[in-house]
Amino acid sequence: MSDTAPLGKVVVFGVGLIGGSFALALKAAGQAAEVVGFGRTLGSLTQALELGIVDRAGFNVGQEVSNADLVLIATPVGTTPEVMARIAPCLGSQTVVTDAGSTKEDVVAAARACFGERIGQFVPAHPIAGAENSGALAARPDLYRGKRVVLTPLAESSELSIARVRSAWEACGGEIRELSPAEHDRVFAAVSHLPHLLSFALVHDLARRDNRELLFAYAASGFRDFTRIAASHPEMWRDICLANQKALLEELDRYREQLDELRDALQRGDGANLEATFDVARTARREWAESKTRT
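Residues numbered from 1 in each chain as written. Predicted model: local features only at pLDDT ≥ 70, side-chain atom pairs only at ≥ 80, totals over all residues. Heavy atoms only, no water.

Regarding the overall build of the protein
For step 1, the next point in the chain: Assigned secondary structure in the protein consists of 12 helices and nine strands.
For step 2, the next point in the chain: Its C-alpha atoms give the protein a radius of gyration of 21 Å, near enough to 19 Å, the size a compact globule of 295 residues would have.
For step 3, the next point in the chain: Across its three principal directions, the C-alpha atoms of the protein cover 70 × 40 × 35 Å.
For step 4, the next point in the chain: The long-range share in the protein, meaning contacts at least 24 apart out of those at least 6 apart in sequence, stands at 76%.
For step 5, the next point in the chain: About 15500 Å² of surface is accessible on the protein, with carbon and sulfur atoms providing 52% of the total.
For step 6, the next point in the chain: In the protein, the 32 positive side-chain charges and the 38 negative ones have mean positions that sit 3 Å from each other. (Helix = DSSP H or I, 4+ residues; strand = E, 2+ residues; numbered from the N terminus. Rg over C-alpha atoms; globule rule 2.2 N^0.38 Å. Contact = heavy atoms within 4.5 Å. Areas by Shrake-Rupley, 256 points an atom, 1.4 Å probe, with all protein chains shown as cover. Lys, Arg positive; Asp, Glu negative; His and termini not counted. Charge placed at Lys NZ, Arg CZ, Asp CG, Glu CD.)

Set out below in structure tokens:
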């Protein structure tokens, strides 16, 4: 096949929301002749089969990976090295591997350790899409439509590998962008990983209080909007936070400084400082929202 031709066999590790939506989107676009799924439990694989997400359940990694055109690793980032170690000895010469992890430097390090001289067949990626629910039942073919997908190609990534991964995500409806792995992790520590950490922390704090039922009874739209992402998958976000520890700690320290400044202004009764801070934030938020509607 050429690098942009429809794919023959696609192997997906992780058939939940991310991997399942990728499979459904490729099939809906007529860009995959066959999708083989691997899951951590027989139940998840059975569900993916029943929902038409995959055509077959995979059980022999070597048999399925050796002649695959594309392999997607869509498991929690903490399990990515284990999956890479399993598939590395079985990679066919034309097999391209990508991932969907929310962190990239740790994934690249694992890929270099596992794939060795075949690192050129790996192209890291991160689709900027998700939902509150997880698992195969949450998968849908339009999840990536109009959403950005960040590729972080390596110097060794072959042109064929990059083109194949780009073409696959474009077939899913994704809009491709490129960053370096380090830049990716710094950016998403600020705009994704930190907000999730804060949302989890707020809900966790309220949930431990004696009057939590009263507090939640009066929580309204502002609380709902701010804490929506606290409904995300705990295991997945545990792995993301640990994988991007350095950049996330830096962002957390910056945020604590911001909170300290607001606390000091509040303690002093400095309304002008509070209003100025809120005004800068409101302007930036509105400009961002307007830019999203234009795109």
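Once you've had a look at it, read on.
Comments concerning the environment of Asp142
For step 1, the next point in the chain: Tracing the chain through its elements places Asp142 in the loop between β7 (125-127) and β8 (148-151).
For step 2, the next point in the chain: Residues Asp142 and Ala207, 65 residues apart in the sequence, show an inter-C-alpha distance of 34 Å.

Topic: helix α10 (residues 234-243)
For step 1, the next point in the chain: Along α10, the positions that sit buried rather than exposed are Trp237, Asp239, Ile240 and Cys241.
For step 2, the next point in the chain: Looking at the packing, one finds that the buried side of α10 touches α7 (181-207) and α11 (245-268). (Buried < 20%, exposed > 50% of the residue type's maximum accessible area, 1.4 Å probe, protein only.)

Remarks on the pattern of salt bridges
For step 1, the next point in the chain: In this structure the tally under the stated criterion is 16 salt bridges.
For step 2, the next point in the chain: A salt bridge links Arg224 to Asp225; its shortest N-O distance comes to 3.3 Å. As far as the burial class goes, Arg224 and Asp225 line up, both exposed.
For step 3, the next point in the chain: A salt bridge links Arg268 to Asp270; its shortest N-O distance comes to 3.1 Å.
For step 4, the next point in the chain: Each of the salt bridges in this network shares a partner with another, and the network as a whole consists of Lys9, Glu34, Arg56 and Glu64. (Salt bridge = Lys/Arg side-chain N within 4 Å of Asp/Glu carboxyl O.)

Here we look at the sheet that holds β7
For step 1, the next point in the chain: Spatially, β7-β8-β9 is the arrangement adopted by the three strands of the open sheet, whose pairing is mixed. Bordering the open sheet on either side are β7 and β9 (175-178), each of which pairs with just one other strand. Neighbouring strand axes in the sheet, compared pairwise and without regard to direction, differ in orientation by 25° on average.
For step 2, the next point in the chain: Bridging between β8 and β9 involves four bridges; their strand directions are parallel. Paired with Val149 across the strands is Ile176, a residue of β9. (Pairing = 2+ DSSP bridges. Axes fitted to C-alpha atoms, helices over the stretch in contact; angles between N-to-C directions.)

Section: the sheet that holds strand β5 (residues 96-99)
Two orientations exist for strands paired in a sheet by backbone hydrogen bonds: parallel and antiparallel.
For step 1, the next point in the chain: Strand order in this open sheet of six strands is β3-β2-β1-β4-β5-β6, and the pairing throughout is parallel. Only two strands of the sheet have a single partner each, and these edge strands are β3 (56-57) and β6 (122-123).
For step 2, the next point in the chain: Pairing geometry for strand β2 (residues 32-38) and β3, over two bridges, is parallel. The residue bridging Gly37 from the neighbouring strand is Ala57, located in β3.

Observations regarding a negative patch on the surface
For step 1, the next point in the chain: A grouping of Glu250, Asp253, Glu257, Asp260, Glu261 and Asp264 is seen on the molecular surface, where their side chains present a negatively charged patch.
For step 2, the next point in the chain: Positionally, Glu257 belongs in helix α11. (Patch = residues over 30% accessible without salt bridge, like charges linked within 9 Å, V, L, I, M, F, W, Y side chains within 5 Å.)

Some points on the nonpolar core
One broad trend across soluble globular proteins is that nonpolar side chains are buried collectively.
For step 1, the next point in the chain: Residues Val10, Phe22, Leu26, Ile53, Leu70, Tyr144 and Trp169 are the most contacted members of the largest nonpolar core, which totals 39 residues.
For step 2, the next point in the chain: Of all the elements in the fold, those that place two or more residues in this core are β1 (7-13), α1 (17-28), β2, α2 (42-50), β4 (70-73), β8 and α6 (159-171).
For step 3, the next point in the chain: Of all the elements, α1 adds the most residues to this core, at seven residues.
For step 4, the next point in the chain: With near-sequence residues (within four places) excluded, Tyr144 lies in contact with Leu17, Ile18, Ser21, Phe22, Pro127, Ala129, Trp169, Cys172, Gly173 and Gly174.
For step 5, the next point in the chain: Phe38, Val65, Val71 and Ile73 belong to the second largest nonpolar core, which has 24 residues in total. (Core = buried A, V, L, I, M, F, W, Y, C linked by side-chain atoms within 4.5 Å.)

With respect to the packing of aromatic side chains
For step 1, the next point in the chain: Under the definition given, this model contains five aromatic pairs.
For step 2, the next point in the chain: Centroid distance Phe115 to Phe122: 5.9 Å. Interplanar angle 55°. Geometry classified as tilted. Accessibility classification places Phe115 together with Phe122 in one group, the buried group.
For step 3, the next point in the chain: Taken together through their ring pairs, the aromatic side chains of Phe22, Tyr144 and Trp169 make up a single cluster. (Phe/Tyr/Trp six-rings, centres within 6.5 Å; stacked < 30°, edge-to-face > 60°.)

Some words on a positive patch on the surface
For step 1, the next point in the chain: Taken together, Lys147, Arg148, Arg177 and Lys292 make up a surface patch of like positive charges.
For step 2, the next point in the chain: Among the residues examined, Lys147 registers a relative accessible area of 31% and is labelled partly exposed.

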